[in-house]
Amino acid sequence: MTQKESNKRFWRNIHQANRSYMEDQYLLFLQDPKQVPSSIQEIFNTYGAPNWTGIANHKSQRNESDHTNSTKKIKATIQLADAIRRFGHLSATIYPVGTKKHRHNELIDLKTYDLTIEDLKQLPAQIIWENPSSSMTNAWDVIQALTQTYAKTIAFEYDHVNQNKERKWLEKQIESNTYQVTFSNEQKQQLLKALIDVEGFEQFLAKTFVAQKRFSIEGLDSMVPMLDYLVQQSLYDDTENVLIGMAHRGRLSVLTHILGKPFDILFSEFYHAQDKTLVPSSTSSITYGWTGDVKYHFGAKRQFGEGKPAPTKVTLAHNPSHLEFVNPVVQGFTRAHQDFRFESGYPTQKWQRACSIMIHGDAAFMGQGVVAETLNLSAIEGYQTGGTIHLIANNQIGFTTNYRQSRSTRYASDLAKGFEIPIIHVNADDPEACLSAMKLAYQYRKKFHKDFLIDLIGYRRYGHNEMDEPRATQPLAYQEIDQHPTVVDIYRGQLEAAKVITSTDCENWRQEVHTKLQEIYLNMKENQFEEWIQSEPGALKNELTNIQTNVTYDKLRRFNHDLLKRPARFVGFNKLERLLQKRAKAFDEQQIVDWAMAEILAFATVLSDGIPIRLTGQDTERGTFAHRHLVLHDINSDETYCPLHGISEAKASFAIHNTPLSEVAVLGFEYGYSVEAPKTLVMWEAQFGDFANVGQVIFDQFISAGRAKWGEKSNMIVLLPHGYEGQGPDHSSARLERFLLTAAENNWIISNVTTSANYFHLLRRQASLVNSDAARPLIIMTPKSLLRHKQVVSNVDALVHDNFQPIIAKQKQTNQPVTRLIIGSGKIMVEFDELNDCQSFNWLTTIRLEQIYPFPKTLLQELLLDYPNVTEVIWLQEEPRNMGAWHFVKEKIACVLHENVVLLYVGRGDRSSPAVGNMKVHLKEQKYILETAMKDVTSIITTEYGFCKE
């Protein structure tokens, strides 16, 4: 290595915080070497000028061998100081129990750098600490201070943060101790009392409700005062909403001590339900639409700062046992509270209006992919929320699985490093350090509007759910835990030693907590409680009839012209602009609208009604099938413009965003947004309908059942491209059958519309339900190849005079009696009608089921009166028989048919895979299905393709 390379390497190792000091010293050195310490002279004589200054090097004529040893010591000292900053966490006492409790890493050992305490005492403090305090007289003082800062009960990881401004800020906060909370004696007493409240509550539950599930917080008790600290800081900053998501560990303590859930209500939940009207029953209409949930899944809301101009509302989100899937939901909650949506254009976001905190499990944080998907949203324009504070409730075990079996990383928090999120590890047995960690997290979020993570490391005093025996699977760990003092005992001992409290204070406070809870428990009376969360049952009635969705022609014409407006000097892609002009011209001259035009006109009318719209999905701006084009790009600058922002009558915002390649996180986010923004029409579109498979937990736990379990209302729309075009198993079916399987109690609407007018009216009908008791999600099987099909195109007149039609019956062409009725849904019915028009089978006709759920039984019954000669009703579908809608509709159709009418199925047979992967085979199958429906199907049982009647 050349001397020049050696010099560059040396100066590169100088820590950022020390560079300005070294620059100042070099300038003094150039004036007179005696003005700087001899050790600093040695550095400049050996390595010349600091290479970042641009100052010409000074070359000493002295013999290098005279200074080699001294220079090595200085270099080693700088490396040691840097190592403590970077790797101090590896020796920190952040584990209250376990094999890693007493750690020491050689990276911060003096011996590793061939240094002694005496060596360090010979060096000035300024080498490794800019502007040291008067108590730091030499490098050894600094090393001790750094060790105390970076390697005790609180430890820091921020070397992975690539923004220099953020790293310098963090370093300054940490090394100046600015981040630490300063406690008066009274505040220390209050902190101890808060811990006693938590411990006393958990112990009371344990003794009173023996072996009942409660998912105790004991071992992580400090989490409660940490949350309380966050809420108090939010009050000072006039934050309007604090949104919390967490799994069930410690949830009961958070509900009672942070959300203010009454203790008597919680105690009542450990018995049989007190409010009999909320007990699910197949025989009682009172419980229709309400199942409820277990006590440790419910959330709550509480308002703080009464009397303030802007009180703070704290919300704990409802959460199922799919632990981390609430993460994106809470992010959606938060963004909904930050966006102002009642002006044209994109919503205006004010991040300070709401903040979120996510409490994770240590095993779940690393084990569940939804965590990474949600973290990925944190800096994306349509999803960022100004920073989330993450807290890992780390009890070092997942159910019965230890950390060695649950992750491949050193820490449970390591996933966050990939997103450049600063990390604090803190020992849960040091409550003052825990609150200081929360202070730093809160201040970082406030300054940089980015995520921050606290790894709160504790233990689990009991089994996973108080009903299992942890000593069977972790015998050594629980030998230690059984003997380990609680955080109350540890902190009490510290305060007694400091004479902050007396020896009897703690016992008195403990007794007060027990007495209070005991009195509440003994004074409980049977049937005195109303349901505390005040959940509402599901939509008890259909409430979808007689909704007017038609729009005047003049209004539609104005919107059609507004959609061609462009900002000054905006130059769109010529080919695309011609397409949009052609679409507008078809409206004016031919009086027709295709699918995309019907959609954009529906959006325009909804905006003019003052209802905001949020539309997201993979490639949604353009549309997967290049049909939407709602975000245009300037060919000269790549600036964008949304035509809907040119609607002169719009009274609300229209937000449209392409999303990451994620279904779970994005779908959960949009659901959360829809719950907390009930006056907004929220829409999510899958790239292909089967992509919804990946978001199955969100559908099952939240969208489908959220209202029945928690009284949580959502009016979101899910667009799922569906239809068999020979694209194989993965891009044919949106798994309609899965949505129908959980369709009950009017929990959602499932449609498969086949005309642009019906799509227009369906969107407007859904918009009319916002912020009403009738609100519920809408699942639409949207077309792919049909998007440009001539039979899907509608006359403008249908938008002006009609409303949504749950059933579309084909008009009879002759007076010939109809003996066969073909009923089906979606693309297959369009294809059948097209084929029938060519062959003119006048003895049969078709009915398209546009809304499958709620099933339009009355409409179908009335329609069948027009066909008294029908002897055969065929359900026609292109999905396999064990998929699609057949098993859902067959009994509903059969119950409205006369006894002499036969109900038959025509379609693919039972399959394990939704569709074939060969286009030729697909076309042959599709042709066979259509032709079979026109034949004498009563004699058909099976064919070589597995088609059958039932």
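First, a word on scope: everything that follows refers to the structure included in this document. What you see is a predicted model; the values in this text were computed from it and never measured.

Here is what the cut-offs are and how they apply
Residues numbered from 1 in each chain as written. Predicted model: local features only at pLDDT ≥ 70, side-chain atom pairs only at ≥ 80, totals over all residues. Heavy atoms only, no water. Helix = DSSP H or I, 4+ residues; strand = E, 2+ residues; numbered from the N terminus. Buried < 20%, exposed > 50% of the residue type's maximum accessible area, 1.4 Å probe, protein only. Contact = heavy atoms within 4.5 Å. Areas by Shrake-Rupley, 256 points an atom, 1.4 Å probe, with all protein chains shown as cover. Lys, Arg positive; Asp, Glu negative; His and termini not counted. Charge placed at Lys NZ, Arg CZ, Asp CG, Glu CD. Pairing = 2+ DSSP bridges. Axes fitted to C-alpha atoms, helices over the stretch in contact; angles between N-to-C directions. Salt bridge = Lys/Arg side-chain N within 4 Å of Asp/Glu carboxyl O. Left-handed = near helix turned anticlockwise from the far one by under 90°. Nonpolar A, V, L, I, M, F, W, Y, C, P; charged D, E, K, R; others polar. 1 Å grid on protein atoms, 1.4 Å probe; cavity = no way out; pocket = protein on both sides within 12 Å on 5 of 7 lines; lining within 4 Å. Points joined across faces, edges and corners; volume = space filled by probe spheres on them. Core = buried A, V, L, I, M, F, W, Y, C linked by side-chain atoms within 4.5 Å. Phe/Tyr/Trp six-rings, centres within 6.5 Å; stacked < 30°, edge-to-face > 60°. Lys NZ or Arg CZ within 6 Å of the ring centre and 35° of its normal. Arc of directions from axis to C-beta.

## Structural notes on the overall build of the protein
From N to C terminus, the protein includes 32 helices and 28 strands. Oriented by its inertia axes, the alpha-carbon framework of the protein measures out at about 115 × 75 × 60 Å. Evaluated residue by residue, the protein yields a buried proportion of 58% over its 950 residues. The long-range fraction of contacts in the protein, counting pairs at least 24 apart against all pairs at least 6 apart in sequence, stands at 79%. Element-wise, carbon and sulfur atoms account for 49% of the exposed surface of the protein, whose accessible area totals about 39,100 Å². Computed over 102 positive and 110 negative side-chain charges, the inter-centroid distance for the protein is 3 Å.

## Description of the sheet that holds strand β19 (residues 717–721)
In space, the 7 strands of this open sheet follow the order β17-β14-β18-β19-β21-β20-β26, with mixed pairing throughout. Here the strands that pair on one side only, and so sit at the sheet edges, are β17 (654–658) and β26 (851–853). Going from strand to strand, the sheet's axes swing by 20 degrees on average, the running direction of each strand aside. Sheet topology note: the strand β14 (residues 613–617)/β17 ladder contains 5 bridges and is parallel. Following the sheet pairing, R614 is matched in β17 by A655. Each of β14, β17, β18 (681–685), β19 and β21 (778–782) is contacted by helix α22 (residues 595–608), which is oriented at about 145 degrees to β14, the strand it contacts most.

## Digging into the pattern of salt bridges
Scanning the entire structure with this criterion turns up 43 salt bridges. Salt-bridge contacts for R353 lead to E240; the nearest nitrogen and oxygen are separated by 3.6 Å. Note that R353 is positioned in the loop between β6 (348–349) and β7 (354–361) and E240 in the loop between α9 (223–236) and β2 (241–246), a separation of 113 residues in sequence. Take E240: its relative accessible area is 31%, and that puts it in the partly exposed class. Among the ionic pairs, D609 bridges to R764, the shortest N-O distance being 3.4 Å. Of the two residues, D609 sits in the loop between α22 and β14 while R764 sits in helix α27 (residues 756–768), which places them 155 residues apart along the sequence.

## Here we look at the sheet that holds strand β23 (residues 807–809)
On the basis of which strands lie adjacent, the open sheet formed by 5 strands has the order β23-β25-β24-β27-β28 and mixed pairing. Bordering the open sheet on either side are β23 and β28 (902–908), each of which pairs with just one other strand. For this sheet the average axis-to-axis angle between neighbouring strands, irrespective of direction, equals 25 degrees. Both β23 and strand β25 (residues 844–849) contribute to a ladder of 3 bridges, which runs antiparallel. Bridging from a neighbouring strand, I808 pairs with R848 of β25. Most of the contacts of helix α30 (residues 857–864) go to β23, to which it runs at about 15 degrees, and overall it touches β23, β24 (820–824) and β25. Strands in contact with helix α31 (residues 886–894) are β24, β25, β27 (872–880) and β28; relative to β28, the strand with the most contacts, it is inclined by about 165 degrees.

## Digging into the packing of helix α7 (residues 164–175) against helix α16 (residues 431–448)
Two elements in contact, α7 and α16, have axes whose closest approach is 12 Å; the angle formed by their N-to-C orientations is 150 degrees. Considering how the two elements wind past one another, α7 and α16 form a crossing that is right-handed. On the side of α7, the interface is formed by K165, E166, W169, L170, Q173 and I174, while α16 contributes L440, Q443, Y444, K447 and F448. Partitioning the contact of α7 with α16 into residue classes produces 6 nonpolar, 2 polar and 3 charged.

## Points about empty space enclosed by the protein
The gaps of empty space that remain are located by a probe, the size of a water molecule, rolled over the atoms. The tally for this structure, following the rule as stated, stands at 9 cavities of 30 Å³ or more. There is about 100 Å³ of room inside the largest cavity. Residue lining of the largest cavity: N560, L563, L564, R566, L580, R583, A584, M597, I600, H629 and P643, and that is the complete set. Listed by contribution, the elements that provide at least two residues to the lining of the largest cavity are α21 (574–590) and α22.

## Section: the nonpolar core
The biggest cluster of nonpolar side chains holds 138 residues, and the ones touching the most others in it are L601, L644, F654, L720, V889 and I893. Apart from the residues lying within four places of it in its own chain, the contact partners of V889 are L849, I852, F855 and W875. Core analysis: the next-biggest nonpolar cluster, separate from the first, contains 118 residues, I40, A76, A125 and W140 among them.

## Considerations on the side chain of T334
Along the chain, T334 turns up in helix α12 (residues 326–338). You can call T334 buried: its relative accessible area is 0%. In contact with T334, other than residues within four places in its own chain, are L243, A354, C355, S356 and T385.

## Describing unusual backbone geometry
With glycine set apart, most residues show a phi of negative sign, and most peptide bonds adopt trans. Following Y853, the chain continues into P854 via a peptide bond in cis, with omega recorded as -5 degrees. Its location among the elements puts P854 in the loop between β26 and α30. In the Ramachandran plot, F215 falls in the positive-phi region, its phi being about 50 degrees despite a non-glycine side chain. As for its placement among the helices and strands, F215 is situated in the loop between α8 (185–208) and α9.

## Some points on the packing of aromatic side chains
Applying the stated rule across the entire model yields 33 aromatic pairs. Centre to centre, the rings of Y383 and F669 are 4.6 Å apart; their planes meet at 70 degrees, and the pair counts as edge-to-face. Here F669 lies in helix α23 (residues 664–676) and Y383 lies in the loop between α14 (369–375) and β8 (388–394), a separation of 286 residues in the sequence. These aromatic residues form a ring-pair network of at least three members: F201, F204, F209, F263, F267, F270 and Y521. The ring of F448 carries the charged tip of K447 above its face, separated from the ring centre by 5.8 Å. A cation over a ring is seen here: K892 above F888, with NZ or CZ 4.1 Å from the ring centre.

## Remarks on the pairing of strand β1 (residues 154–157)
Alternating positions in β1 separate into two faces, I154 and F156 on one and A155 and E157 on the other, with burial throughout. Pairing between β1 and strand β11 (residues 423–427): 4 bridges, direction antiparallel. Bridging across to β11, E157 finds its partner in I423.

## Quick look at the environment of R881
Within the secondary structure layout, R881 lies in the loop between β27 and α31. Distance in space between the C-alpha atoms of R881 and R911 is 7.6 Å, their sequence separation being 30 residues.

## Digging into helix α20 (residues 553–562)
Since there are 3.6 residues in each turn of an α-helix, residues three or four apart along the chain are aligned in direction. Three or more residues of α20 are buried, namely K555, L556, F559, N560 and D562. Along the long axis of α20, the arc covered by the buried residues comes to 165 degrees, so they all point the same way. Taken together, the buried residues of α20 touch α21, α22, α27 and α28 (796–801).

That is the geometry; function is a separate question.
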